Amino acid sequence: MKLFSLLSALLVLLISRGSLDFLQLEYWSNLIWSLSSQSSAVADLVVTNAFIYTSDASLPFADSMAVRNGRILRVGNYSSVVQQDLRRDGTKELNLEGKIVVPGFIDSHVHLISGGLQMAWVELQGVNNKDEFVRRVQEAVRTKKQGSWVLGGGWNNDLWGGELPVASWIDDITPYNPVWLSRIDGHMGLANSMALRLAGITEHTEDPNGGIIMKTISGGCLRWQSVHLAASSWTRISVPPLKENGYNQEPNGLLIDAAMKLLLPWIPEVSVDERREALVRASNLALMRGVTTVVDFGRYFPGSSLEQSWEDFSDVYRWADTSGKMIIRVCLFFPMETWSRLLDLISKTGRALSQWIYLGGVKAFADGSLGSNSALFYEPYADEPHNYGIQLTELESLSNMTMASDRSGLQVAVHAIGDKANDLILDMYESVGSTNGMRDRRFRIEHAQHLAPGSAARFGEQGIVASMQADHLLDDADSAIKKLGLDRAQTGSYLFRSLLASNAQLAFGSDWPVVDINPLRSIGTAMKRIPPGWESAWISSECLTLNDALYAYTISAARASFLEDDLGSLSPGKMADFVVLSNSWDEFAAEGSSSVEATYVGGVQVYP
């Protein structure tokens, strides 16, 4: 105890003199916690004969680790960890025979309950032809009563050549059931004609601000009412639709971004029990993939209700926490429009409601998605020459909400995919930071997929977190070339290495259920960047090393959400969340692939 008191006093002195940087402070704090715990500590679990990647710069690798009360007691070599008086009769020893151990993966961007619900609906992910699309919907209708909704999603028209599905594909097989099927990116969906009638969407319905009702002119000509923003203004500009004398313009079933709000309120809310079951399904899938913590952006999509994230918080997460049913850790973000509500909650509870639930911050949308031709770019889409994308939130409103949220100490995250959208958010963040003054705010841009020249450097200069999803590039590579042209697609897309070179904080996630929740596959994607059907990397200069990719899924992901005190590395004092992998480190580094053998949360095996 004398040593503990001496080190504590030394730490206070060094902090007061500004002699420690962040990594040193984290190391010394964890060391002091470890020493304070060891005066009478007996380990619950001792891991030996492992290849432990810690994600802790002060001790990158180890072979042994001791756990007590759900936290790491000690990590290092065998003699320093095990040959101390840490074991008693009840201590469990896990000899891993040289297998890899990594910190539990942190998925920095999911929609957890949405994903769990999707697992029980019509699954269209991976479908690569019209006939299979129709077959799966027809199969789902057989089990439905007349009048009940058929829900599903995950379709990607790029997998069958790019043709967009329309209501006529499924109208004949769904005459008595309304249908809603969301596209893989969540920024477009297909309704059948019965659903359009229920929602009152007709040829006379005007596009809402930030959205498009796609229509077909009688005779088969598809009409896309393009919207874009002038380079110097945030005023919405509509390109007039084609006029055909004597022809009607009928909705074809496709709704983009804010247009979805015309239909979504007509879909009955899923029950509390269904949402609770969805949490269990989603959590078990995450653990199977080695994910022990997720940053959940909720059931908040363009056109959806702001209340859904709050209902899930009270009806699902708090229920699971108080009833002992949480099995993964979650960091929750809420719609930015409700920032004052989150502030009131944090003022009463603090950011950590328990070891399972953290209150993260607020999120807004700047633009749509590439696949839906609604991401906002400086130049028009190559396949839609009048279309620059869609602005989903008016800049003055977004700036005011961001200013207020940041002034109140909340973390802010904004969805931005197109190059212009990213620059506009970088500009806004710079203005807000200048106005509100310096602090450790860790502004986030979600996705940051396509950047203009020089923008990657701004992330590092401004201390912006780039929250990215490597597996998106597998679906986007061919689509980006088609929609942006080869030069644009090859110079500004998924700039992982450029962002790291600028000292930006890179945090990886999946965006599940947009793509599968699978960190190991995503790590391999970031290392190799080879889309399906390609023989070489898409922008090989942006490939990451294994260490960089693991960092983005562990400690960097933790720091991106202010979770680094408890999570992100296998360091003394932190939660004992870790994953056992199947192969050797050399094989992992060379091949960029591995598989999960076991997942531990708080030192307890939860998978398999």
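Structure's up top.
Anyway, here's the lowdown on the structure attached to this text. Everything quoted here is computed from the prediction, not taken from an experiment. (Residues numbered from 1 in each chain as written. Predicted model: local features only at pLDDT ≥ 70, side-chain atom pairs only at ≥ 80, totals over all residues. Heavy atoms only, no water.)

Observations concerning the overall build of the protein
Just so we agree on the cut-off: Labels follow the DSSP assignment, with helices taken as runs of H or I lasting at least four residues and strands as runs of E lasting at least two, numbered in each case from the N terminus. Residue burial is assigned from relative accessible area. The probe radius is 1.4 Å, only protein chains are included, and a residue is buried under 20% of its type maximum, exposed over 50%, and partly exposed in between. Note on contacts: a residue pair qualifies if any of its non-hydrogen atoms lie within 4.5 Å across the two residues. Calculation of accessible area relied on Shrake-Rupley with a 1.4 Å probe; when residues are assessed, cover is drawn exclusively from the protein chains displayed.
A tally of regular secondary structure across the protein gives 19 helices and 27 strands. The proportion of buried residues among the 608 residues of the protein is 58%. Sequence separation of 24 or more characterises 73% of the internal contacts of the protein that already satisfy a separation of 6 or more. In the structure as shown, the protein presents an accessible area of about 23,900 Å², 51% of it carried by carbon and sulfur atoms.

Overview of the pairing of strand E19 (residues 329–335)
As a reminder of what qualifies: The pairing criterion is simple: DSSP has to find at least two bridges between the two strands. Handedness of a crossover: with both strands directed away from the viewer, a clockwise path from the first strand across the helix to the second marks it as right-handed.
The buried count for E19 comes to seven of seven residues, which makes it a mostly enclosed element. Pairing of strand E18 (residues 291–296) with E19, which is carried by four bridges, proceeds in the parallel orientation. By the bridge assignment, Val-294 is partnered in E19 with Val-330. With six bridges connecting them, E19 and strand E20 (residues 357–365) associate as parallel partners. When the sheet's bridge partners are listed, Leu-332 is paired in E20 with Leu-359. As a crossover connection, the stretch from E19 through helix H9 (residues 339–349) into E20 is right-handed.

Overview of the sheet that holds strand E3 (residues 61–62)
What the six strands build is an open sheet, ordered E3-E2-E7-E25-E26-E27; its pairing is mixed. Looking along the sheet, the strands with just one partner apiece sit at the ends: E3 and strand E27 (604–607). Here four bridges tie strand E25 (residues 578–581) to strand E26 (residues 596–601), and the two strands are oriented antiparallel to one another. Within E26, the residue paired with Phe-578 across the bridge is Tyr-600.

Observations concerning the nonpolar core
Spelled out, the test is: By nonpolar core is meant a set of buried Ala, Val, Leu, Ile, Met, Phe, Trp, Tyr and Cys residues that side-chain atoms within 4.5 Å join together.
Counting residues in each nonpolar core, the largest one holds 100 residues, and the members touching the most others are Leu-112, Phe-459, Phe-496 and Phe-508. Here the element with the most residues in this core is helix H11 (residues 419–436); it accounts for seven residues. In contact with Leu-112, not counting residues within four places along its chain, are Leu-279, Ala-282, Ser-283, Val-294, Asp-296, Tyr-317, Ile-328, Val-330 and Trp-512. Grouped together as the second largest cluster of nonpolar side chains are 28 residues, Val-127, Val-137, Trp-169 and Met-214 included.

Notes on the environment of Thr-491
Quick note on the threshold: Polar contact is defined as a pair of N or O atoms within 3.5 Å, subject to the rule that within protein one atom must be able to donate a hydrogen and the other to accept it, and that residues adjacent in sequence are counted only when both atoms are side-chain atoms.
Tracing the chain through its elements places Thr-491 in helix H14 (residues 486–491). Separated by 38 residues in the primary sequence, Thr-491 and Pro-453 have C-alpha atoms spaced 8.2 Å apart. In this structure the side chain of Thr-491 is engaged in a polar contact, spanning 2.9 Å, whose partner is the backbone oxygen of Asp-487.

Considerations on the side chain of Ser-467
Its place among the elements puts Ser-467 in strand E23 (residues 465–468). In this structure Ser-467 touches Ser-108, His-109, Arg-444, Ile-445, Glu-446, His-447 and Ala-507, once residues within four positions along its chain are discounted.

As for H9
To be explicit about the condition: In this context, the arc is that of the directions from the helix axis out to the C-beta atoms.
Inspection of H9 places Leu-342, Leu-345 and Ile-346 among the buried residues, and these make up the whole buried set. End-on view of H9: buried residues confined to an arc of 100°, all on one side of the axis. Exposed positions of H9 whose direction lies more than 90 degrees from the buried face are Ser-347 and Lys-348. Residues of H9 that are buried sit in contact with helix H8 (307–322), E19 and E20.

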